[in-house]
Amino acid sequence: MTRSLFDEPPTPYDAPESIAPGAVLLHNYACDQAEALIQAAQQVIAAAPLRHLITPGGHTMAVAMSNCGDFGWVSDRTGYRYERTNPLSGQPWPAMPACFADMAARAAAEAGFEGFRPDACLINRYEPGARMSLHQDRDEADMTAPIVSVSLGLPAVFLFGGLQRSDRPARYRLAHGDVAVWGGPSRLAFHGVAPLADGDHPQLGRQRINLTFRRAG
Ligand code: MD6
Ligand code: FE
C-alpha cells in the first residue's frame, strides 16, 4: 500500500518479546494492516460462516471457528483433523487472502522463521466469556514450521505453559494488532485463552478475532 504525506504515521511496534525458546510476541506488529485483515476475514466468514464445533468428548466449543487456505481445522465426535473442504458445505475452504499470507510470512521472518508459507488459517471468534482451555497444537503434518497468531479486537489473556499439561502457565496480554509467533522448542507447548472480558472495541465491538496460520498439509 502507498502512504501519502498526510496519512497517520505507522504505529510503532516494540522489539520482539521472547516468552520462551522459539516463542515471541510482536506487540502492535499488525496494527497498520488491521483494517485490511478484518475486511478480508469478513469476506472469508461470509463464504464459510463461523460455527461452534463439537469436541470429540461431545462438548460445544465456546469459540466460533472458520478457516481459509488449502486446509481447515475441524473437530467432531470422531476427532480433530485438517480437511480440504468445509464439512458444512462440502466446498473447498475460501482461498487465503493475500494480506493474510503476507502478514504471516513477514511476522514469521521477524521472529527468525524465514520462508514460512502457511497453507491453513484458522479464524477464531471470541465473545465475552468465551475461553479456550489448555491444549497443544499437534494436528499439523509439519512440526518444523512455526505458528503465527494475529489478535484483533478485544484484548485477551493468553496462557502459555510448558510441555507438560501440569506446567503452570504464564499469562500475557494479547491486544488488537499483536502477533504471537512460535515454533522450534515451543512448538508443542500447552497454551490457552482465559475467559474474554467484556468491552467495546472501536473496530470489532464486543468480540476478539484471532487468526492462526499453520503449515498443516
Ligand atoms: C487464540 N490461539 O489466541 C488461540 N495456538 O485465540 C491458539 O490456540 C494458538 O495463538 C497456537 C499458536 C498460537 C496460538
Ligand atoms: Fe492453539
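Quick caveat, the model's predicted, so the values are computed rather than measured.

**Section: the site of ligand 1**
Around ligand 1 sit 13 residues, and of these Tyr126, Asp137, Ser149, His191 and Arg208 come closest. A distance of 3.0 Å is found between a nitrogen atom of ligand 1 and a side-chain nitrogen or oxygen belonging to Asp137. In the model, an oxygen atom of ligand 1 is placed 2.8 Å from a nitrogen or oxygen of the Arg208 side chain. Calculation on ligand 1 without its partners gives an accessible area of 340 Å², and the protein chains cover 99% of this total. More than half of the atoms of ligand 1 fall within 2 Å of the grid points belonging to the largest pocket. The leading source of residues in the shell around ligand 1 is strand E13 (residues 208-214), at three residues. In terms of residue class, the shell around ligand 1 is built from six nonpolar, five polar and two charged.

**Notes on the side chain of Ser66**
Its place among the elements puts Ser66 in strand E3 (residues 64-69). Overall, the relative accessible area of 0% leaves Ser66 in the buried class. Setting aside anything within four residues of it in sequence, one finds Ser66 in contact with Val44, Ala48, Pro49, Leu50, Arg51, Trp93, Cys121, Leu122 and Ile123.

Parameters and conventions
Residues numbered from 1 in each chain as written. Chains lettered and ligands numbered in written order. Predicted model: local features only at pLDDT ≥ 70, side-chain atom pairs only at ≥ 80, totals over all residues. Heavy atoms only, no water. Near = heavy atom within 4 Å. Polar contact = N/O pair within 3.5 Å; in protein donor to acceptor, adjacent residues only side chain to side chain. Areas by Shrake-Rupley, 256 points an atom, 1.4 Å probe, with all protein chains shown as cover. 1 Å grid on protein atoms, 1.4 Å probe; cavity = no way out; pocket = protein on both sides within 12 Å on 5 of 7 lines; lining within 4 Å. Sits in = over half its atoms within 2 Å of the grid points. Helix = DSSP H or I, 4+ residues; strand = E, 2+ residues; numbered from the N terminus. Nonpolar A, V, L, I, M, F, W, Y, C, P; charged D, E, K, R; others polar. Buried < 20%, exposed > 50% of the residue type's maximum accessible area, 1.4 Å probe, protein only. Contact = heavy atoms within 4.5 Å.

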